[in-house]
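# Architecture at a glance
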Amino acid sequence: MDLSIGEVAERSGLSVHALRFYEREGLFANPVRRLSNGRRVYHEEDLEWLAICTKLRSSGMSLASIRQYIDLVRQGPGNEHERLELLRRHENHVEAQIRELQVALDVMRHKVRIYEDHVVRGEADRLWNPSHPDTAQADAHQECHPSEGE
């Protein structure tokens, strides 16, 4: 079934502008076909690829790496090990991002607990406040450095 750029935008959640950008950057697995009047024609497999491509992008894969992957796919059978290695590298990158985000989340949770505790006790003014040097240093250390096991 042929799809217009508007239909693909609606179904993929990408803007028409983003679809044109993906085409210009060579990020479609298959070249976008055009009618004699120049209108773009898409197919279901284009939507399937866009779903994968947008996940690769949102997980931090560079445009160059996506292009490299597409180039390998377009070459056909025989380079599956290279594709696998590229995907494994990105998988490792995403796992490292998740670990970093987990550390950031742990710090945020720690800060929320500190603020909740101080607000409940009516001591919110003691939170990291450089204008009160007597409390700022001790509270800043507690606020910025979650204890082990928290």
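Attention here is on the structure that accompanies the text. Keep in mind that this is a model prediction, so the values were computed, not measured. (Residues numbered from 1 in each chain as written. Predicted model: local features only at pLDDT ≥ 70, side-chain atom pairs only at ≥ 80, totals over all residues. Heavy atoms only, no water.)

### Things to note about the overall build of the chain
- Of the regular secondary structure elements, the chain holds 6 helices and 2 strands.
- In the chain, the order of α-helices and β-strands from amino to carboxyl end is α-α-β-β-α-α-α-α.
- By residue count, 27% of the 150 residues in the chain fall in the buried class.
- Put simply, 48% of the contacts in the chain that link residues at least 6 apart link residues at least 24 apart.
- In the form shown here, the chain has an accessible surface area of approximately 10,200 Å², with 54% of it arising from carbon and sulfur atoms. (Helix = DSSP H or I, 4+ residues; strand = E, 2+ residues; numbered from the N terminus. Buried < 20%, exposed > 50% of the residue type's maximum accessible area, 1.4 Å probe, protein only. Contact = heavy atoms within 4.5 Å. Areas by Shrake-Rupley, 256 points an atom, 1.4 Å probe, with all protein chains shown as cover.)

### Side note on the packing of aromatic side chains
- Counting across every chain of the model gives 3 aromatic pairs.
- Ring plane angle 70 degrees and centroid distance 6.2 Å describe the contact between F21 and Y22, whose orientation is recorded as edge-to-face.
- Plain terms: the ring middles of W49 and Y69 are 6.1 Å apart, the flat faces sit at 15 degrees to each other, and that makes the pair stacked. Of this pair, W49 sits in helix 3 (residues 44-58) while Y69 is found in helix 4 (residues 63-75), placing the two residues 20 residues apart along the sequence. A single burial state applies to W49 and to Y69, both of which are buried. (Phe/Tyr/Trp six-rings, centres within 6.5 Å; stacked < 30°, edge-to-face > 60°.)

### Focus on the pattern of salt bridges
- According to the stated counting rule, one finds 9 salt bridges in the structure shown.
- We note a salt bridge from R74 to D71, for which the minimum N-O separation is 3.9 Å. Here R74 pairs with D71, and both are found in helix 4, just 3 residues apart, close to one helical turn.
- The class for D71 is partly exposed, based on a relative accessible area of 39%. (Salt bridge = Lys/Arg side-chain N within 4 Å of Asp/Glu carboxyl O.)

### A look at helix 2 (residues 16-24)
- A18, L19 and Y22 are the residues of helix 2 that are buried. The arc that holds every buried residue of helix 2, seen down its axis, measures 100 degrees, which confines them to one face. Across helix 2 from its buried face, at more than 90 degrees, point the exposed residues H17 and R24.
- Buried-residue contacts for helix 2 involve helix 1 (5-12) and helix 3.
- G26 sits one or two positions beyond helix 2 and adopts a positive phi of about 70 degrees. (Arc of directions from axis to C-beta.)

### Digging into the packing of helix 1 against helix 3
- The contact between helix 1 and helix 3 brings their axes to 11 Å, and the two run at 40 degrees. Judged on the interaxial angle alone, helix 3 and helix 1 are oblique. Classified by chirality, the crossing of helix 3 by helix 1 is right-handed. Where helix 1 abuts helix 3, its residues V8, R11 and S12 lie against E44, L47 and L50.
- Among the residues making up the contact of helix 1 with helix 3, the classes are represented as 3 nonpolar, 1 polar and 2 charged. (Axes fitted to C-alpha atoms, helices over the stretch in contact; angles between N-to-C directions. Parallel < 35°, antiparallel > 145°, perpendicular 65-115°, else oblique. Left-handed = near helix turned anticlockwise from the far one by under 90°. Nonpolar A, V, L, I, M, F, W, Y, C, P; charged D, E, K, R; others polar.)

### As for the nonpolar core
- By size, the foremost hydrophobic cluster in this structure holds 22 residues, and its most contacted members are V8, L19, F28, Y42, W49, L50 and I66.
- Of all the secondary structure elements, the ones that give two or more residues to this core are helix 1, helix 2, helix 3 and helix 4.
- The element that contributes the greatest number of residues to this core is helix 3, accounting for 5 residues.
- If we ignore the near neighbours within four places in the chain, the residues touching V8 are L3, G13, L19, Y42, L47 and L50. (Core = buried A, V, L, I, M, F, W, Y, C linked by side-chain atoms within 4.5 Å.)

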